Amino acid sequence: MNKKLVVVALSSVLGVSSAFAAGNAILNVEGEIQINGQTVIDNSGNFVGLEFAQQNQVTISDYYLSRDGVYTFVSDNGWKDVYTVSGNSESFVSYYADPQSGEYVIVAEGAWLDNGDGTYTTTWQDYPSDNVEYSSTIRETELTQPAASYQIGSLLVKAFESEVIDSSYSEEVGNTDVYTSEYAYGGKMASFTLEDGTQISDCLVGANAEIRCKEFGTVVYDDSYVLESFQPLTGAQVATQSTSTSAKRDRSATLKFFSKLKQK
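This one's a predicted model, so the numbers in the text were calculated from it and none came from an experiment. (Residues numbered from 1 in each chain as written. Predicted model: local features only at pLDDT ≥ 70, side-chain atom pairs only at ≥ 80, totals over all residues. Heavy atoms only, no water.)

**Student:** Whenever I open this one, the overall build of the chain confuses me. Can you help?
**Tutor:** Scanning the chain from terminus to terminus reveals 3 helices and 18 strands. Looking at the chain as a whole, 37% of its 264 residues qualify as buried. Carbon and sulfur atoms form 50% of the exposed surface of the chain, whose accessible area is close to 14700 Å². (Helix = DSSP H or I, 4+ residues; strand = E, 2+ residues; numbered from the N terminus. Buried < 20%, exposed > 50% of the residue type's maximum accessible area, 1.4 Å probe, protein only. Areas by Shrake-Rupley, 256 points an atom, 1.4 Å probe, with all protein chains shown as cover.)

**Student:** What is the right way to read the packing of aromatic side chains from this model?
**Tutor:** A ring pair, where both rings are aromatic, is described by two values, the distance of the centres and the angle of the planes. Under the defined criterion, the tally for this structure stands at 14 aromatic pairs. For the ring pair Tyr134 and Tyr169, a centre distance of 5.4 Å and an interplane angle of 5° mean the geometry is stacked. Of this pair, Tyr134 sits in strand E10 (residues 134–142) while Tyr169 is found in the loop between strand E12 (155–167) and strand E13 (176–193), placing the two residues 35 residues apart along the sequence. For the residue pair Tyr134 and Tyr169, the accessibility class agrees, reading buried in each case. Their ring planes at 0° and their centres at 5.0 Å tell us that Tyr221 and Tyr225 sit as a pair that is stacked. The two residues Tyr221 and Tyr225 agree in class, both being buried. Taken together through their ring pairs, the aromatic side chains of Phe73, Tyr83, Phe92, Tyr221 and Tyr225 make up a single cluster. Looking at Arg212, its charged tip hangs above the ring of Tyr64, at a distance of 3.7 Å from the centre. (Phe/Tyr/Trp six-rings, centres within 6.5 Å; stacked < 30°, edge-to-face > 60°. Lys NZ or Arg CZ within 6 Å of the ring centre and 35° of its normal.)

**Student:** How should the pattern of salt bridges be read in this particular structure?
**Tutor:** A pair can form between side chains of opposite charge whenever their charged atoms are brought close. Per the stated rule, a full pass over the model turns up 4 salt bridges. Taking the shortest distance from any N to any O, the salt bridge between Arg67 and Glu215 comes out at 3.0 Å. Of this pair, Arg67 sits in strand E4 (residues 66–67) while Glu215 is found in the loop between strand E15 (211–213) and strand E16 (217–221), placing the two residues 148 residues apart along the sequence. A relative accessible area of 28% means that Arg67 is categorised as partly exposed. Note that Asp202 is salt-bridged to Lys188, the shortest N-O span being 3.9 Å. On the criterion of sequence distance, the pair formed by Asp202 in strand E14 (residues 199–206) and Lys188 in strand E13 is long-range, its members being 14 residues apart. We classify Asp202 as partly exposed; its relative accessible area is 22%. You can call Lys188 partly exposed: its relative accessible area is 43%. (Salt bridge = Lys/Arg side-chain N within 4 Å of Asp/Glu carboxyl O.)

**Student:** Explain the nonpolar core here, please?
**Tutor:** Note that soluble globular proteins tend to have their nonpolar side chains buried in a common cluster. Residues Tyr71, Phe192, Cys213 and Val219 are the most contacted members of the largest nonpolar core, which totals 18 residues. Of all the elements in the fold, those that place two or more residues in this core are strand E5 (69–74), strand E6 (79–86), E14, E15, E16 and strand E17 (225–232). Sequence-distant contacts of Cys213, defined by excluding residues within four places in its chain, comprise Asp62, Tyr63, Phe192, Ile200, Ser201, Asp202, Cys203 and Val219. Tyr63, Tyr64, Tyr183 and Leu204 belong to the second-largest nonpolar core, a separate cluster that totals 12 residues. (Core = buried A, V, L, I, M, F, W, Y, C linked by side-chain atoms within 4.5 Å. Contact = heavy atoms within 4.5 Å.)

**Student:** What is the right way to look at the environment of Asp126 in this model?
**Tutor:** As for its position among the elements, Asp126 is in strand E9 (residues 119–126). Each C-alpha atom of the pair Asp126 and Val93 lies 9.7 Å from the other, and the pair is 33 residues apart in sequence.

**Student:** Help me understand the pairing of strand E8 (residues 104–114), please; the structure alone is not making it clear to me.
**Tutor:** It is a general feature of regular strands that their side chains alternate between the two faces of the sheet. When strand E7 (residues 89–97) meets E8, the two strands line up antiparallel, connected through 9 bridges. For Tyr96, the partnering residue across the bridge sits in E8 and is Val105. Relative to E9, E8 runs antiparallel, the two being bridged by 7 bridges. Paired with Ala108 across the strands is Asp126, a residue of E9. (Pairing = 2+ DSSP bridges.)

**Student:** Mind showing me how you'd approach unusual backbone geometry here?
**Tutor:** Most peptide bonds adopt trans geometry, and most residues besides glycine take a negative phi value. Of note, Asp202 is a non-glycine position whose phi angle comes to about 65°, a positive value. Positive phi outside glycine occurs at Glu215, with the angle close to 70°. The exposure class assigned to Glu215 is partly exposed, which follows from its relative accessible area of 27%.

**Student:** For this particular structure, what's the right way to read the confidence of the model for the chain?
**Tutor:** As a general rule, the predicted coordinates of low-pLDDT regions are not to be interpreted in detail. Averaged over every residue, the pLDDT of the chain is 78; the share at 70 or more is 75%. Taken together, the stretch residues 1–21 has pLDDT below 50 and engages in 15 contacts with residues farther than four places along the chain or on a different chain. Across residues 236–253, where pLDDT falls below 50, the model places 56 contacts with residues more than four positions away in sequence or in other chains. (pLDDT = per-residue confidence, 0-100.)

**Student:** Would you mind showing me how to read the environment of Ile41 here?
**Tutor:** Looking at the element boundaries, Ile41 is found in strand E2 (residues 38–41). Spatially, the C-alpha atom of Ile41 lies 8.8 Å from that of Gly31, the residues being 10 residues apart in sequence.

Here's what the structure looks like:
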């Protein structure tokens, strides 16, 4: 009989008889005790569940870092996005392949700057509609208690409040918004290989085919955007750390952010 079934059966019997045994019942198991195929108590009586948990626990912010360099993403529907990360700033340029010539044409560009005082400033411009540069300064505050560690296979939700400090759209100044960021990664990958052959180690796999790697951030998102190449900036060998795991420096969130701005 399956050991798990034996444990359940014995537990049921002892549970019923415990009222008559006055708490003196003994459960003897020969062999391992497992949960979902994972040993939690070995055949020597040692609890090993904690070791398993530690092996699957990561510091989530490590996967929201971005080494200084140029990240080029391509999609299967003609888009190419290039991000340049340098210190506390990031620039973004979006291209679309012209259906006739096949050449990439710039359609939007923007920048993100950490001001060092709890605020960040974004600038953006789309083409060819108006060729006017817009800007916005936002103060972002985490509402949930900071949680650095993350257990793979679990759901971590963080809540943030953003306040518009300054904006090209004067009517938006003073506006506040509360939003959440969800972290749900169910597996690990030893490595991920870019289109140019570069291999990145230690990656997490999440919903919607999202993959992000330690000290690189997102390498696949939205089911279609894939990091094609990474070129480090001259002299940039150390990862640049974001002040939080909120996502203004996250590649996928940055794209969505600028997409909303372009729709204004």
